[in-house]
Amino acid sequence: MNILLTLAVIGGTGKEGKGLAYRWASAGYRVIIGSRTAEKAESAAADLNEMLGAEAVEGLSNFDAAEKADILVVSVPYSAHKSTLESIREAAQGKIVVDVTVPLVPPKVTKVQMPEAGSAAQEAQSILGENVSVVSAFQNISHEHLFSDRTIDCDVLVTGKGKDARLEVLKLVKAAGMRGWDAGVIENSMVVEGLTSLLIYMNKQYGSKSAGVRITGLKQGKK
Ligand SMILES: NC(=O)c1ccc[n+]([C@@H]2O[C@H](COP(=O)([O-])OP(=O)(O)OC[C@H]3O[C@@H](n4cnc5c(N)ncnc54)[C@H](OP(=O)(O)O)[C@@H]3O)[C@@H](O)[C@H]2O)c1
């Protein structure tokens, strides 16, 4: 792990982003929580620091967080995806942006409803431009898992622009206590994002809150 990297979790005051921030801060990363409101970010960061017993997390506005960090993570509801990305576009240039967003369309969140571009990640790439490497990950990880120190029984399928960027994000997956796989180009994100609706459906059907996926037949590190 590169302990000098700083991660900004845009929308990190929410369930998924705050949980990921907790895991990365636990692993030694410098983490900044981003919010539309700096005060809300500071309050979420204070919660996490109390849980961690250290001053490891900072809270800033989304733009300031994005500007200060090396890698950005976007974790907002799909309805806020476009406006959030537009608000950090300038600060994201030249960086990796990890998109966690699932294009759920309430109230039918158990039905796959992909956007015209193919996926939320492809929309992000188009909004942020070619100078940004958008990598899609964590859509199948329920926030229910994140506020524990246990290894998570769900794999992370990592897709996105550029192999080097995907490999960098696989390091973040590992640091967060999960097993990740390089699942190829950004167009493949539509499958991973779509899977989340199936998992939500199956959670309801089988009385769970944390269904996930496991890849079998592969060994980590093998080509
Ligand atoms: N929850 C899960 O278990 C889970 C699992 C996998 C993937 N995901 C995906 O991860 C993303 C975040 O999920 P979540 O459950 O963490 O969402 P959330 O708690 O509802 O929202 C996350 C943050 O997004 C910001 N936000 C909310 N509404 C907004 C709006 N209208 N405009 C701009 N910003 C807004 C808020 O931050 P500020 O008010 O501080 O700006 C909020 O704290 C979603 O796309 C979700 O589908 C979630």
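Parameters and conventions
Residues numbered from 1 in each chain as written. Predicted model: local features only at pLDDT ≥ 70, side-chain atom pairs only at ≥ 80, totals over all residues. Heavy atoms only, no water. Phe/Tyr/Trp six-rings, centres within 6.5 Å; stacked < 30°, edge-to-face > 60°. Helix = DSSP H or I, 4+ residues; strand = E, 2+ residues; numbered from the N terminus. Buried < 20%, exposed > 50% of the residue type's maximum accessible area, 1.4 Å probe, protein only. Pairing = 2+ DSSP bridges. Axes fitted to C-alpha atoms, helices over the stretch in contact; angles between N-to-C directions. Salt bridge = Lys/Arg side-chain N within 4 Å of Asp/Glu carboxyl O. Near = heavy atom within 4 Å. Polar contact = N/O pair within 3.5 Å; in protein donor to acceptor, adjacent residues only side chain to side chain. Areas by Shrake-Rupley, 256 points an atom, 1.4 Å probe, with all protein chains shown as cover. Nonpolar A, V, L, I, M, F, W, Y, C, P; charged D, E, K, R; others polar. Parallel < 35°, antiparallel > 145°, perpendicular 65-115°, else oblique. Left-handed = near helix turned anticlockwise from the far one by under 90°. Contact = heavy atoms within 4.5 Å. Core = buried A, V, L, I, M, F, W, Y, C linked by side-chain atoms within 4.5 Å.

Q: So what about the packing of aromatic side chains? Which residues, and what values?
A: Counted under the stated rule, the structure contains two aromatic pairs. Each ring, one from tyrosine 22 and one from phenylalanine 147, has its centre 5.5 Å from the other, and the planes form 45 degrees; the classification is tilted. Of this pair, tyrosine 22 sits in helix α1 (residues 15-26) while phenylalanine 147 is found in the loop between β6 (133-136) and β7 (155-160), placing the two residues 125 residues apart along the sequence. Assessed through its relative accessible area of 8%, tyrosine 22 is described here as buried. A centroid spacing of 5.6 Å and a plane angle of 75 degrees characterise the contact between tryptophan 24 and phenylalanine 138, whose relative ring orientation is edge-to-face. One end of the pair, tryptophan 24, is in helix α1; the other, phenylalanine 138, is in the loop between β6 and β7, with 114 residues separating them in the sequence. Considered together, tryptophan 24 and phenylalanine 138 belong to a single accessibility category, that of buried residues.

Q: So what about the sheet that holds strand β2 (residues 30-35)? Which residues, and what values?
A: On the basis of which strands lie adjacent, the open sheet formed by eight strands has the order β3-β2-β1-β4-β5-β6-β7-β8 and mixed pairing. Looking along the sheet, the strands with just one partner apiece sit at the ends: β3 (57-61) and β8 (179-182). If you compare each strand with its neighbour and ignore which way they point, the axes differ by 25 degrees on average. The sheet contact formed by strand β4 (residues 71-74) and strand β5 (residues 96-99) spans four bridges and is parallel. In the strand pairing of β5, leucine 72 is matched with valine 97.

Q: Quick one: what's the story with the pattern of salt bridges, residue by residue and with numbers?
A: Scanning all chains against the criterion turns up ten salt bridges. When the shortest N-O distance is used, the salt bridge between lysine 82 and glutamate 86 registers 3.3 Å. A residue pair is termed a helical-turn pair when its members lie 3 or 4 positions apart in one helix, as lysine 82 and glutamate 86 do in helix α4 (residues 81-92) at four residues. Its salt-bridge partner being aspartate 182, residue arginine 166 comes within 2.6 Å of it at the nearest N-O pair. Of this pair, arginine 166 sits in helix α6 (residues 163-175) while aspartate 182 sits in strand β8, placing them 16 residues apart in sequence.

Q: Account for the site of the ligand, naming residues and giving values.
A: Looking at the ligand, there are 21 residues lining it, with Thr13, Ser35, Arg36, Lys40 and Val76 nearest. Taking glycine 14, its main chain carries an N or O atom lying 3.2 Å from an oxygen atom of the ligand. Between an oxygen atom of the ligand and a main-chain N or O atom of lysine 15, the distance comes to 3.1 Å. Compared with its free state, where it exposes 880 Å², the ligand has 78% of that area covered by protein. Among the residues making up the shell around the ligand, the classes are represented as eight nonpolar, nine polar and four charged.

Q: Lay out the packing of α1 against helix α2 (residues 38-52) in plain terms, naming residues and giving numbers.
A: The geometry of α1 relative to α2 is characterised by a closest axis approach of 10 Å and an angle of 45 degrees between their N-to-C directions. Of the possible angle classes, the one that applies to α1 and α2 is oblique. For the pair α1 and α2, the sense of crossing is right-handed. Where α1 abuts α2, its residues Lys18, Ala21, Tyr22, Ala25 and Ser26 lie against Ala44, Asp47, Leu48, Met51 and Leu52.

Q: Account for the environment of glutamate 144, naming residues and giving values.
A: Tracing the chain through its elements places glutamate 144 in the loop between β6 and β7. Along the sequence, glutamate 144 and lysine 15 sit 129 residues apart, while their C-alpha atoms lie 8.6 Å from each other. Setting aside its immediate chain neighbours within four residues, glutamate 144 contacts Lys209 and Ser210.

Q: Could you give me a rundown of the nonpolar core, with the residues and numbers involved?
A: Ranked by internal contacts, the top residues of the largest apolar core, which has 39 residues, are Trp24, Phe138 and Met178. Contributing elements (two or more residues each) for this core: β1 (6-10), α1, β2, α2, β4, β5, β7 and α6. Aside from chain neighbours lying at most four places away, what touches tryptophan 24 is Leu7, Val9, Tyr29, Val31, Val73, Phe138, Leu172, Ala175 and Ala176. With 22 residues, the next largest nonpolar core counts Leu60, Ala69, Val74 and Ile186 among its residues.

Q: Give a detailed account of the side chain of threonine 196, specifying residues and quantitative values.
A: Counting through the fold element by element, threonine 196 comes out in helix α7 (residues 189-206). Judged by its relative accessible area of 9%, threonine 196 is buried. Setting aside residues up to four positions removed in sequence, threonine 196 forms contacts with Val102, Gln139 and Asn140.

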